[in-house]
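Here is what each chain is made of, one letter per residue.
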Amino acid sequence: MSFHTTGFEPTGAANPAILAGPHNVRRSYGRAAAAAAIENGLLPQELAEVLAGRSVVEAFPVAWRESVSDYADRAVAEMMVAYLSQPVA
């Protein structure tokens with residue numbers, strides 16, 4: 001299976017404070033999204049393939065003023081689309 005190469009249109013202005021902000025803030029968004037993805041049926045190996053070595057917030061940027069739970073829901077949806085759009089091996 002190939003790595004995620006699908007591009008997504010941003011849902012709004014990216015929140016630069018999240019990417020440049022404290023590590024624990026980025027981590028809380030990333031952990032919430034990863035946990036939600038696994039809870040929704042994506043296996044850890046599949047998640048790693050979709051991320052292709054990137055962090056969750058790098059692969060799926062946080063929108064301006066997006067809450068952690070809203071981000072997790074949106075990121076999971078985008079992860080599922082990315083995973084399902086990969087060619088079958």
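Check the entry above for the structure.
Residues numbered from 1 in each chain as written. Predicted model: local features only at pLDDT ≥ 70, side-chain atom pairs only at ≥ 80, totals over all residues. Heavy atoms only, no water.

Q: What should I look at first to understand the nonpolar core in this one?
A: Generally speaking, a soluble globular protein has its nonpolar side chains buried in company with each other. In terms of nonpolar packing, the biggest core is built from 21 residues, with L47, V56, F60, Y71 and M79 touching the most fellow members. Among the elements of the structure, α2 (23-39), α3 (44-51), α4 (56-59) and α5 (68-84) are those that each provide at least two residues to this core. Considering each element in turn, this core owes the most residues, seven residues, to α5. (Core = buried A, V, L, I, M, F, W, Y, C linked by side-chain atoms within 4.5 Å. Buried < 20%, exposed > 50% of the residue type's maximum accessible area, 1.4 Å probe, protein only. Helix = DSSP H or I, 4+ residues; strand = E, 2+ residues; numbered from the N terminus.)

Q: Honestly, the packing of aromatic side chains in this entry has me stumped. Any pointers?
A: The geometry of two aromatic rings is summed up by the distance between their centres and the angle between their planes. Within this structure, the stated rule accounts for one aromatic pair. For the pair Y29 and Y71, a centre-to-centre distance of 5.6 Å together with 70° between the ring planes defines the contact as edge-to-face. Within this pair, whereas Y29 is found in helix α2, its partner Y71 is found in helix α5, the two being separated by 42 residues in sequence. In this structure, Y29 and Y71 share a single accessibility class: buried. (Phe/Tyr/Trp six-rings, centres within 6.5 Å; stacked < 30°, edge-to-face > 60°.)

Q: Mind showing me how you'd approach the environment of P61 here?
A: Among the secondary structure elements, P61 is positioned in the loop between α4 and α5. With ten residues separating them along the chain, P61 and Y71 place their C-alpha atoms 8.8 Å apart.

Q: Teacher, can you tell me more about the pattern of salt bridges here?
A: Proximity of charged atoms lets side chains of opposite charge pair with each other. All chains considered together, the criterion is met by two salt bridges. A salt bridge links R74 to E66; the shortest N-O distance between them is 2.8 Å. The residues R74 and E66 share a single accessibility class, namely buried. The partner of R74 in a salt bridge is E78, with the nearest N and O atoms 3.0 Å apart. (Salt bridge = Lys/Arg side-chain N within 4 Å of Asp/Glu carboxyl O.)

Q: Can you walk me through the packing of α3 against α5 in this structure?
A: Geometry of a packed helix pair, given as the angle between the helix axes and the separation of the axes. As a packed pair, α3 and α5 sit with axes 10 Å apart at the nearest point and diverge in direction by 85°. Between α3 and α5, the angle falls in the class roughly perpendicular. The residues of α5 that touch α3, namely those facing E46, L47, E49 and V50, are M79, A82 and Y83. Here the residues of the contact of α3 with α5 are counted per class, giving five nonpolar, no polar and two charged. (Axes fitted to C-alpha atoms, helices over the stretch in contact; angles between N-to-C directions. Parallel < 35°, antiparallel > 145°, perpendicular 65-115°, else oblique. Contact = heavy atoms within 4.5 Å. Nonpolar A, V, L, I, M, F, W, Y, C, P; charged D, E, K, R; others polar.)

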